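An overview of the molecular structure
The residues making up each chain are set out below.
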Amino acid sequence: CYRILMSDKPIHDGLPLFSTNHRNVLTTGTKITQAAMQAMIMALSTQTDEFGQPIIVRPAGLIVPAGYAFDMYTLFFSPTIHTEGNTQAVNPLYRYGLQQVEDPEINRLAGTGAAPWFLMGNTEDTAFIEVDYLNGQEVPNIRRSETVGQLGFVWDIYLDWGINVMDHRGAIKNPGVKVNS
């Protein structure tokens, strides 16, 4: 799934998964900030269907590369924030209820460049990426065999699945910034 997010290949309409035509990517990459989160929530919340009618896509999850967690937790778990007048104000994102995932696989796929991060929509509102299993079998097949003249067993473990983008409106991409170790 992360390879699909990071590769940004064209989908069924011929456009890249994240594009300005899809209205699901910010033009400038940033770290996790209140302004960036507000822009991403607005982009997700103002998506339209193929007829231009507004649809409801509620934010449900945040996927970030390793190194963004401190900013993420500070933003979501601090009851107050600093404002321009250097006063303490109530944090509107405090315990917002987003599932938060920090994964170093994003760092690896980004290489030495900027590491993007993603706001995912609620799966009840839209199907963004779908993972399907052959014949609905979500548990790996496990086969044990013995070799004559050899102690022990040989195990074959395999799982057949397919991953596909269903609806580009289910996620917003922030191109991010370079994460320094």
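As shown above, the structure is provided for reference.
What this report covers is the structure whose coordinates are included nearby.

**What about the overall build of the protein chain?**
Helix and strand content of the protein chain: four helices and ten strands. Here the C-alpha radius of gyration of the protein chain, 20 Å, is well above what a compact globule of 181 residues would show, namely 16 Å. Seen along its three principal axes, the alpha-carbon backbone of the protein chain occupies a region of about 80 × 45 × 30 Å. When the 181 residues of the protein chain are sorted by exposure, 31% land in the buried category. Put simply, of all contacts in the protein chain between residues at least 6 apart along the chain, 71% involve residues at least 24 apart. As presented, the protein chain carries roughly 11,300 Å² of accessible surface, and 54% of it is formed by carbon and sulfur atoms. The distance from the centre of the 12 positive side-chain charges to the centre of the 18 negative ones in the protein chain is 6 Å.

**Observations regarding a nonpolar patch on the surface**
Side chains of Ile142, Phe153, Trp155 and Ile157 sit close together on the surface and give an oily, nonpolar patch of about 470 Å² of accessible area. Here the nonpolar patch gets three residues from one element, more than from any other, and that element is strand β8 (residues 153-158). With respect to the helices, strands and loops of the structure, Phe153 is situated in strand β8. On the basis of relative accessible area, Phe153 is assigned to the partly exposed category, the value being 43%.

**With respect to the sheet that holds strand β5 (residues 115-121)**
Pairing is mixed across the open sheet formed by four strands, whose spatial order is β4-β1-β5-β10. Strand pairing shows two members of the sheet lacking a second neighbour, β4 (99-103) and β10 (171-177), which therefore form its edges. Neighbouring strand axes in the sheet, compared pairwise and without regard to direction, differ in orientation by 15 degrees on average. Against the sheet, helix α3 (residues 69-77) makes contact with β1 (59-65) and β4, and its axis sits at roughly 170 degrees relative to β4, the strand it touches most.

**Some points on the side chain of Arg169**
Mapping Arg169 onto the fold places it in the loop between β9 (161-165) and β10. In this structure the side chain of Arg169 is engaged in a polar contact, spanning 3.2 Å, whose partner is the backbone oxygen of Thr48. Of the polar contacts made by the side chain of Arg169, one reaches the side chain of Asp167; its length is 3.1 Å. Apart from residues lying up to four places away in sequence, Arg169 is in contact with Leu44, Gln47, Thr48, Asp49, Glu50, Ile55, Val57 and Thr126.

**As for the environment of Ile41**
Structurally, Ile41 is set in helix α2 (residues 34-45). The class for Ile41 is buried, based on a relative accessible area of 13%. In the structure, Ile41 is positioned 16 residues away from Val57 in sequence and 9.4 Å away in space, judged by C-alpha atoms. Beyond its immediate stretch of four places on either side in the chain, Ile41 contacts Pro59, Leu93, Tyr96 and Leu119.

Cut-offs used in this document
- Numbers given for residues are sequential positions, taken from 1 along each chain in its written order.
- Local features in this predicted model are restricted to residues of pLDDT 70 or higher, and side-chain atom pairs are both shown and tallied only at a pLDDT of 80 or more, whereas totals for entire chains, interfaces and linings draw on every residue.
- Here the side-chain values reflect all heavy atoms present in the structure, with hydrogen atoms and water set aside.
- The way it works is that DSSP assigns letters per residue, a run of H or I at least four long becomes a helix, a run of E at least two long becomes a strand, and they are numbered from the N terminus.
- Using C-alpha atoms as the atom set, the radius of gyration is obtained and then compared with a globule rule of 2.2 Å times the number of residues to the power 0.38.
- Between buried and exposed lies partly exposed: a residue is buried under 20% and exposed over 50% of the maximum accessible area for its type, with that area taken using a 1.4 Å probe on protein chains only.
- In this analysis, two residues are considered to be in contact whenever any of their non-hydrogen atoms come within 4.5 Å of each other.
- Here, Shrake-Rupley sampling with a 1.4 Å probe gives the accessible areas, and only protein chains in the shown set may cover a residue.
- The convention is simple: Lys and Arg are positive, Asp and Glu are negative, and His and the chain ends are not counted.
- Working definition for charges: the position is that of NZ of Lys, CZ of Arg, CG of Asp or CD of Glu.
- Candidates for patches are residues over 30% relative accessible area with no salt bridge; among them, like charges are joined within 9 Å and nonpolar side chains (Val, Leu, Ile, Met, Phe, Trp, Tyr) within 5 Å.
- Just to be clear on terms, a salt bridge is a Lys or Arg side-chain nitrogen sitting within 4 Å of an Asp or Glu carboxyl oxygen.
- Strands were regarded as paired on the criterion that DSSP finds at least two bridges between them.
- To get an axis, a line is fitted to the C-alpha atoms, and for a helix only the part in contact is used. The angle between two axes follows their N-to-C directions and goes from 0 to 180 degrees.
- In protein, a polar contact means a hydrogen-donor-capable atom and an acceptor-capable atom, both N or O and within 3.5 Å, with residues adjacent in sequence counting only if both atoms are side-chain atoms; elsewhere, any N or O pair within 3.5 Å suffices.

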